[in-house]
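Listed below, chain by chain, are the residues.
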Amino acid sequence: MTGEETAWAAGLFDGEGHIGFVGKHSVVMQLGMTDEDVVRRFHTVVGVGRLSGPYSNGPRGRKPVWLWAAQHTPDVRELLVALKPWLGERRSARADAALARCANVAVRPRLSREIVHGTLAGYQKERYRGLAPCPECSRANREYRNEHNARRRAKKNQANAPTSEAQLQEAA
């Protein structure tokens, strides 16, 4: 993130974001708004977390809500450290509490964040990050689905196939 992007993200998070505690050690950062483009830009700028939505926002006629959330401890820690200088007093105090809470958490190493294009894993990572899958990854997903469906059909046909002599004679 550039300094300008960091300041923008911090200002948005200070006004619309939330830092919550889950269990004994986990920290979750969330941001929810009705402006999808702003939430998508925030997600792109910070480069971590997950984008989801739209979700119903009360009675009919109200705009749907889009959510961004991050809970992976190293991501949360890194993002809080980056945003903290631009956060207001109240959110900064909450960030300090969150950093203290996740300071001694043992974290499993994360799998690669890089997207390997042309693979099913690449397709899944692109979808998880709220991105439109590239053509190579979409092709890999289609091939997987076709193979998976073929295996299911073969298994179903095998289960319905006659197995005894009597069933074979009935089928004929």
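Look above for the structure.
The present account deals with the structure reproduced in this document. (Residues numbered from 1 in each chain as written. Predicted model: local features only at pLDDT ≥ 70, side-chain atom pairs only at ≥ 80, totals over all residues. Heavy atoms only, no water.)

Some details on the overall build of the chain
Tallying secondary structure elements over the chain gives seven helices and four strands in all. Going residue by residue from the N terminus, the α and β elements of the chain occur as α-β-β-α-β-β-α-α-α-α-α. In the chain, 53% of the contacts between residues at least 6 apart in sequence involve partners at least 24 apart. Surface exposure of the chain reaches about 11500 Å², of which carbon and sulfur atoms provide 50%. (Helix = DSSP H or I, 4+ residues; strand = E, 2+ residues; numbered from the N terminus. Contact = heavy atoms within 4.5 Å. Areas by Shrake-Rupley, 256 points an atom, 1.4 Å probe, with all protein chains shown as cover.)

Notes on the packing of helix 5 (residues 120-128) against helix 6 (residues 135-160)
Remark: helix 5 packs on helix 6, axes separated minimally by 8 Å, with the N-to-C direction vectors making an angle of 115°. The two elements helix 5 and helix 6 meet at a crossing, and its hand is left-handed. Facing helix 5, whose interface residues are Leu120, Gly122, Tyr123 and Glu126, helix 6 presents Cys137, Ser138, Ala140, Asn141 and Tyr144. Taken together, the residues that form the contact of helix 5 with helix 6 break down as five nonpolar, three polar and one charged. (Axes fitted to C-alpha atoms, helices over the stretch in contact; angles between N-to-C directions. Left-handed = near helix turned anticlockwise from the far one by under 90°. Nonpolar A, V, L, I, M, F, W, Y, C, P; charged D, E, K, R; others polar.)

Considerations on the state of the cysteines
Evaluated as defined, the whole model comprises zero disulfides. Just so you know, Cys134 is unpaired, no disulfide at all, and the nearest cysteine sulfur is the one on Cys137, 3.4 Å from it. Its relative accessible area of 14% is what places Cys134 among the buried residues. A residue is classified by how much of its surface remains accessible, and Cys137, at 0% relative accessible area, is buried. (Disulfide = S-S within 2.5 Å. Buried < 20%, exposed > 50% of the residue type's maximum accessible area, 1.4 Å probe, protein only.)

Observations concerning the nonpolar core
Phe13, Met29, Leu31, Phe42, Trp68, Leu80 and Leu83 are the most contacted members of the largest nonpolar core, which has 27 residues in total. For this core, the secondary-structure elements that each account for two or more residues are helix 1 (3-16), strand 2 (26-33), helix 2 (36-46), strand 4 (65-70), helix 3 (73-83) and helix 4 (89-101). If we ignore the near neighbours within four places in the chain, the residues touching Leu83 are Thr6, Ala9, Ala10, Phe13 and Met29. (Core = buried A, V, L, I, M, F, W, Y, C linked by side-chain atoms within 4.5 Å.)

Structural notes on the environment of Tyr128
Looking at the element boundaries, Tyr128 is found in helix 5. Among the residues examined, Tyr128 registers a relative accessible area of 39% and is labelled partly exposed. Not counting the four nearest positions on each side in its chain, Tyr128 is found in contact with Gly49, Arg50 and Leu51.

Here's the deal with the packing of helix 3 against helix 4
Running from N to C, helix 3 and helix 4 cross one another at 145°; their axes reach a closest spacing of 10 Å. The two elements helix 3 and helix 4 cross, and the hand of that crossing is left-handed. Residues Arg77, Leu80 and Val81 of helix 3 form the contact with helix 4, whose participating residues are Ala95, Ala98 and Leu99. Of the residues in the contact of helix 3 with helix 4, the class split is five nonpolar, no polar and one charged.

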